[in-house]
Structure formats: C-alpha cells, structure tokens
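The primary structure of each chain is shown beneath.
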Amino acid sequence: MARLLLLFLPGLVAISAVHGIFMDKLASKKLCADDECVYTISLARAQEDYNAPDCRFINVKQGQQIYVYSKLVKEHEAGEFWAGSVYGDPHEDEMGTVGYFPRNVVEEQHVYQEATKEVPTTDIDFFCE
C-alpha cells in the first residue's frame, strides 16, 4: 500500500499545484504579427486609467506604456480589446503581466510590425490563474 501511495504522490502534487479557471472567450479570432502571436505589434500609451473587471484584463494607469501582442477581432456588439503588458515602473504589480484592455484607452505610439495574421483564439487565451 505504501508503494502504491508513493507512485501516485507525485501526480497528486502536480494536480494540486495547477490552479486557475477558463473564462469566457472575448472573441474567436485575433490579429497578430506572426502565426504564433509572440512578436510585439506596437507600443501604446494609456490615455486614461482602466480598472480590470476580472482576471483576463490588466489595470492600466494614464501615461503607462503597454506592449501590444495581439488585437482581438471585434464580434457583434463586443468591445474592441487588445492584449499586452504594462511597461514602466518596476515596482508596479502589473508590470510584465499580460492581459486585455480596451483599445479606446490607449494610443499607439510606435508600430513595430503590422498585425496582419488572423488566427483563432484558444481557451488558454482566456485562462486565469
């Protein structure tokens, strides 16, 4: 019995270490600079504060710079959201965290690559830890 427990213990530890929730999709497609959506599209500056309503989104403060990685394709009456990470004060909690924010709270400052690749979103795009 002890040997059986030792065989399953690592699996139980791994399962308990993984936590999170899959949230509703905001869109079924996104625009990226490449097929894997790993390259930065642009650098934007927040024109106003935005408080994230849930874990899919990031908080931004007016004046902060945000690296943009993808742009969700607007569907029906949904808002227009981009995915990115805040760049700025290293003491800020949100720095380096990737999440969504409304397109209308930022202004693009510099475009590195055009977002011309339309790819489907996946459940992991809306996963929250």
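The preceding data block contains the structure.
For every chain, the first residue of the written sequence is number 1, and numbering continues from 1 onward in sequence order. Only residues with pLDDT of 70 or above have their local features reported here, since the model is predicted, and side-chain atom pairs are shown and tallied only from 80 upward, although totals for entire chains, interfaces and linings are computed over all residues. To get the side-chain values, all heavy atoms of the structure are used, and hydrogens and water are removed first.

Undergrad: Can you help me understand the layout of surface pockets in this one?
TA: Rolling a probe over the atoms, with the probe sized like a water molecule, indicates the empty space that remains. Of the voids in this model, the largest pocket is the one considered here, and its volume is about 340 Å³. Two kinds of site are reported from a 1 Å grid over the protein atoms alone, namely cavities, where a 1.4 Å probe fits but cannot get out, and pockets, open sets with protein on both sides within 12 Å along at least five of seven lines, and residues are called lining when an atom falls within 4 Å of a point. Along the wall of the largest pocket there are 21 residues; nearest its centre are Val 98, Gly 99, Tyr 100, Asp 125 and Phe 127. Strands here mean DSSP runs of E at least two residues long; helices mean DSSP runs of H or I at least four residues long; both are numbered from the N terminus. For the lining of the largest pocket, the elements supplying multiple residues, two or more each, are β4 (65–72), β6 (98–102) and β9 (127–128). Grid points are joined across faces, edges and corners, and a volume is the space filled by probe spheres set on the points.

Undergrad: What is the right way to look at the state of the cysteines in this model?
TA: Joining two cysteines, a disulfide is a covalent bond between their sulfur atoms. Here, a disulfide means two cysteine sulfur atoms that sit within 2.5 Å of each other. Counted according to the given criterion, the structure contains two disulfides. At a sulfur-sulfur separation of 1.7 Å, the disulfide partner of Cys 32 is Cys 37. Torsion about the S-S bond of the Cys 32 and Cys 37 cystine: about 75 degrees, corresponding to right-handed handedness. As far as the burial class goes, Cys 32 and Cys 37 line up, both buried. Across the disulfide from Cys 55 sits Cys 128; the S-S distance is 2.1 Å. Across the disulfide from Cys 55 to Cys 128, rotation about the S-S bond amounts to roughly 100 degrees, and the bridge is consequently right-handed. On the criterion of sequence distance, the pair formed by Cys 55 in the loop between β3 (42–46) and β4 and Cys 128 in strand β9 is long-range, its members being 73 residues apart. Taken N- to C-terminal, the disulfide-bonded cysteines of the protein chain are connected 1-2, 3-4. Note on exposure labels: buried denotes an accessible area under 20% of the residue type's maximum, exposed denotes more than 50%, and partly exposed covers the range between, all computed with a 1.4 Å probe on protein chains only.

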